[in-house]
Amino acid sequence: MPMPKWWGQVNKRVFNPRAVASGKWPVLVHVGRVSGATYRTPLDAHPVDGGYLFILVYGSGSDWVRNVLAAGGARLRVDGKDLELAAPRLVGAAEAFRALPDGVTRPPKLLRITEFLRMDLAAG
């Protein structure tokens, strides 16, 4: 059962600002595809060979995912460092689970997550 849409709004307006302010979570900095505004979204960012993998709890229709895909990349602030990420692409569970290190907990099957976002570290 996917997360209800209203929970995403609560998350965006209540929990995300607190998580960004705390500095404890990786934060994805991305540009709105319509507004051009800069957004900061705290996420579970999993380092994988050559980049990062994001578990799409709310699916690929989430605003942040659509923004990143439209822009062709984003910046990730993790452990006090800014990393440029490029070549965003949706990947399925099989590819995502092969890429994730063994110690990373997979999402519960109950959530029925089938899409993941993978991005490469930008050359530079």
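Conventions we followed
Residues numbered from 1 in each chain as written. Predicted model: local features only at pLDDT ≥ 70, side-chain atom pairs only at ≥ 80, totals over all residues. Heavy atoms only, no water. Helix = DSSP H or I, 4+ residues; strand = E, 2+ residues; numbered from the N terminus. Contact = heavy atoms within 4.5 Å. Areas by Shrake-Rupley, 256 points an atom, 1.4 Å probe, with all protein chains shown as cover. Buried < 20%, exposed > 50% of the residue type's maximum accessible area, 1.4 Å probe, protein only.

1. Notes on the overall build of the chain
The secondary structure content of the chain amounts to three helices and seven strands. Each helix (α) and strand (β) of the chain, taken in turn from the N terminus, gives the series α-β-β-β-β-α-β-β-α-β. Of the contacts formed within the chain by residues at least 6 apart in sequence, a portion of 59% connects residues at least 24 apart. Of the roughly 7,600 Å² that the chain leaves accessible, carbon and sulfur atoms contribute 56%.

2. As for the environment of P26
Within the element layout of this structure, P26 appears in the loop between α1 (5–22) and β1 (27–31). Relative accessible area serves as the criterion here: at 14%, P26 is assigned to the buried category. Taking the C-alpha atoms as reference points, P26 and H46, separated by 20 residues in sequence, lie 9.5 Å from one another. Once residues lying within four places of it in the same chain are set aside, the contact partners of P26 are T41, P42, L43, A45, L76, R77 and V78.

3. Remarks on unusual backbone geometry
Across residues other than glycine, the phi torsion is negative in most instances, and most of the peptide bonds are trans. Here D79, not a glycine, exhibits a phi torsion of approximately 50 degrees, which is positive. Tracing the backbone through its elements, the reader meets D79 in the loop between β5 (73–78) and β6 (81–92). For D79, a relative accessible area of 74% translates into the label exposed. The phi dihedral of A87 falls on the positive side, at around 55 degrees, and the residue is not glycine. Counting through the fold element by element, A87 comes out in strand β6. Note on A87: relative accessible area 39%, which makes it partly exposed.

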